[in-house]
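# Working through the structure, step by step
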Amino acid sequence: MKILFFGAKSYDEKYFKADLEKERYKELEVNFIEPDLTPNTAMLAHGYDAVCAFVNMDLGKKTIEILNRCGVRLILMRCAGYNNVDLEEAKKYGIQVAHVPSYSPESVAEHAMALVLTANRHTHKAYIKVRENNYSLVGLMGVSLYGRTAGIVGTGRIGAAMARICHGFGMNVIAYDMYPNKSLDFVKYVDLDTLLAQSDLISLHCPLTEESYHMINIETINKMKDGVILVNTSRGGLIKTNDLVQGIRENKFFAVGLDVYEEENGQVYEDKSDEILQHSTVARLLSFPNVMVTSHQGFFTEEAMQAISETTLENALAFKNGERGGNELTD
């Protein structure tokens, strides 16, 4: 079975090649290439049985149409998210799509809390100041999380992990989810408006759907407490950026931590340090002293990379053997 791995980075090759050495995967032939999967690169998959793609790539209607003409029968998403995949188009051509529904949820939750702590206590600024022999505390004031209320939007595996971390910090934890997680006996489930009104920290851990798109907008922002901390490690489209910027300018937020943001796909995972920013989104966000932005790295731990590699290859093996691995998104 031949698989073309798009957007290969050194760390991808490290973990996938290590697993491919195992006897179990000897019939899987994987070729790694640097370009991302887009309508312009999809033709490179000619002669391959499957492609492996990531959350930042374009698997819309045109790409899938080309993959079908190339003979591709399987799309392996080496990530949990698949909002960038036109599943209906894949179904139309009989192309199976499989993903990695869970890979070290604690890794993402830990990064979410790292964003909270960094943005709150300004440790990124303190690091730069001390390197310049400046030990002034001006501009470094934070707030204590102990005894405050954390609002978790979405309590799947990652949201549940974040809830446990907040609970460990001594916070009161409330949550909003259509399907409450019964294992979180310390969490009080409330409706979204109540969560917005009561939370000192709001952390987003829900998928991007038509219903959740721009769930954080000027209307919901106005329902939040003044001085709230907002963190997003899920999908950029959950937040309407222009409204977030307005809220920041109106001093609604004490701090904002973003690992994802709108318009990120053109630059995420790439070194653009020698280039002029083509979009205003990141530039505007980075201009605010109380905003912390990272490079969609919440998942990026050794444990997560190992899980992604193993699950992706298991998905390929199941397809090759005509079996259902349980991670399929299409029939």
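Above this note sits the structure.
Let me sum up the structure you'll find in this document. Small disclaimer: the values here were computed from a predicted structure and weren't measured. (Residues numbered from 1 in each chain as written. Predicted model: local features only at pLDDT ≥ 70, side-chain atom pairs only at ≥ 80, totals over all residues. Heavy atoms only, no water.)

Below, the discussion takes up the sheet that holds strand β4 (residues 74-77). Read across the sheet, five strands follow the order β2-β1-β3-β4-β5 without closing on themselves; strand pairing throughout is parallel. At either end of the open sheet lies a strand with only one pairing partner, and these are β2 (29-32) and β5 (96-98). Put simply, the sheet's adjacent strands are angled 20° from each other on average, direction ignored. Relative to β4, strand β3 (residues 50-53) runs parallel, the two being bridged by four bridges. The residue bridging Ala-50 from the neighbouring strand is Leu-74, located in β4. Of the strands in this sheet, β1 (2-5) and β2 are in contact with helix α1 (residues 10-20), which crosses β2 at around 165°. Packing against the sheet, helix α11 (residues 302-320) makes contact with β1, β3, β4 and β5, and its axis sits at approximately 160° to β4. (Pairing = 2+ DSSP bridges. Helix = DSSP H or I, 4+ residues; strand = E, 2+ residues; numbered from the N terminus. Axes fitted to C-alpha atoms, helices over the stretch in contact; angles between N-to-C directions. Contact = heavy atoms within 4.5 Å.)

This paragraph deals with empty space enclosed by the protein. Using a probe with the size of a water molecule, rolled over the atoms, empty space left in the structure can be pinpointed. Under the defined criterion, the tally for this structure stands at four cavities of 30 Å³ or more. Taken as a whole, the second largest cavity holds about 50 Å³ of empty space. In terms of lining, the second largest cavity is formed by Asn-232, Gly-236, Ile-239, Thr-241, Leu-244, Leu-258, Val-260, Tyr-261, Glu-262 and Leu-285. Split by residue class, the lining of the second largest cavity holds six nonpolar, three polar and one charged. (1 Å grid on protein atoms, 1.4 Å probe; cavity = no way out; pocket = protein on both sides within 12 Å on 5 of 7 lines; lining within 4 Å. Points joined across faces, edges and corners; volume = space filled by probe spheres on them. Nonpolar A, V, L, I, M, F, W, Y, C, P; charged D, E, K, R; others polar.)

Read across the open sheet, the seven strands follow the order β8-β7-β6-β9-β10-β11-β12; overall the sheet is parallel. Looking at which strands have only one partner, the edges of the open sheet turn out to be β8 (188-189) and β12 (291-293). Bridge analysis of strand β7 (residues 172-176) against β8 gives two bridges, and the strand direction is parallel. For Ala-175, the partnering residue across the bridge sits in β8 and is Tyr-189. Along the sheet, helix α6 (residues 157-168) contacts β6 (149-153), β7 and β9 (201-204); its crossing angle with β6, the most-contacted strand, is approximately 175°.

For strand β11 (residues 253-258), a buried count of five out of six residues is recorded, marking the element as mostly surrounded by other parts of the structure. Pairing geometry for strand β10 (residues 228-232) and β11, over five bridges, is parallel. Within the sheet, the bridge partner assigned to Val-228 lies in β11 and is Phe-253. In this fold, β10 hands off to helix α9 (residues 241-249), which returns the chain to β11; that crossover is right-handed. (Buried < 20%, exposed > 50% of the residue type's maximum accessible area, 1.4 Å probe, protein only. Right-handed = clockwise from strand over helix to strand, strands pointing away.)

Before going further, it helps to spend a moment on the environment of Ala-112. Note on placement: Ala-112 falls in helix α4 (residues 105-121). Given a relative accessible area of 0%, Ala-112 falls into the buried group. Through-space distance from the C-alpha of Ala-112 to that of Gly-257 is 7.8 Å; in sequence the pair is 145 residues apart. Once you skip the residues sitting within four places of it in the chain, Ala-112 turns out to touch Met-162, Ser-203, His-205, Val-231 and Thr-233.

With that settled, the discussion passes to the nonpolar core. Core analysis: the biggest nonpolar cluster contains 51 residues, and Ile-3, Leu-37 and Ile-75 have the highest contact counts within it. Only β1, α1, β2, β3, α2 (61-70), β4, α3 (87-92) and α11 provide two or more residues apiece to this core. Setting aside residues no more than four positions away along its own chain, Ile-3 makes contact with Leu-28, Glu-29, Val-30, Asn-31, Tyr-48, Ala-50, Val-51, Cys-52, Leu-76 and Ala-316. One finds Ile-221, Leu-244, Phe-253 and Leu-258 within the second-largest nonpolar core, a separate group that totals 29 residues. (Core = buried A, V, L, I, M, F, W, Y, C linked by side-chain atoms within 4.5 Å.)

As for its placement among the helices and strands, Asp-259 is situated in the loop between β11 and α10 (280-286). One buried charged residue, Asp-259, forms no salt bridge at all, with the nearest opposite charge on Arg-235 at 7.9 Å. (Lys, Arg positive; Asp, Glu negative; His and termini not counted. Salt bridge = Lys/Arg side-chain N within 4 Å of Asp/Glu carboxyl O.)

The terminal C-alpha atoms of α6, which comprises twelve residues, lie 17 Å apart, in line with the 16 Å expected from a rise of 1.5 Å per residue. Lining the buried residues of α6 we find α4, β6, β7 and β9. Gly-170 sits one or two residues past α6 and shows a positive phi near 85°. (Expected span 1.5 Å × (residues − 1).)

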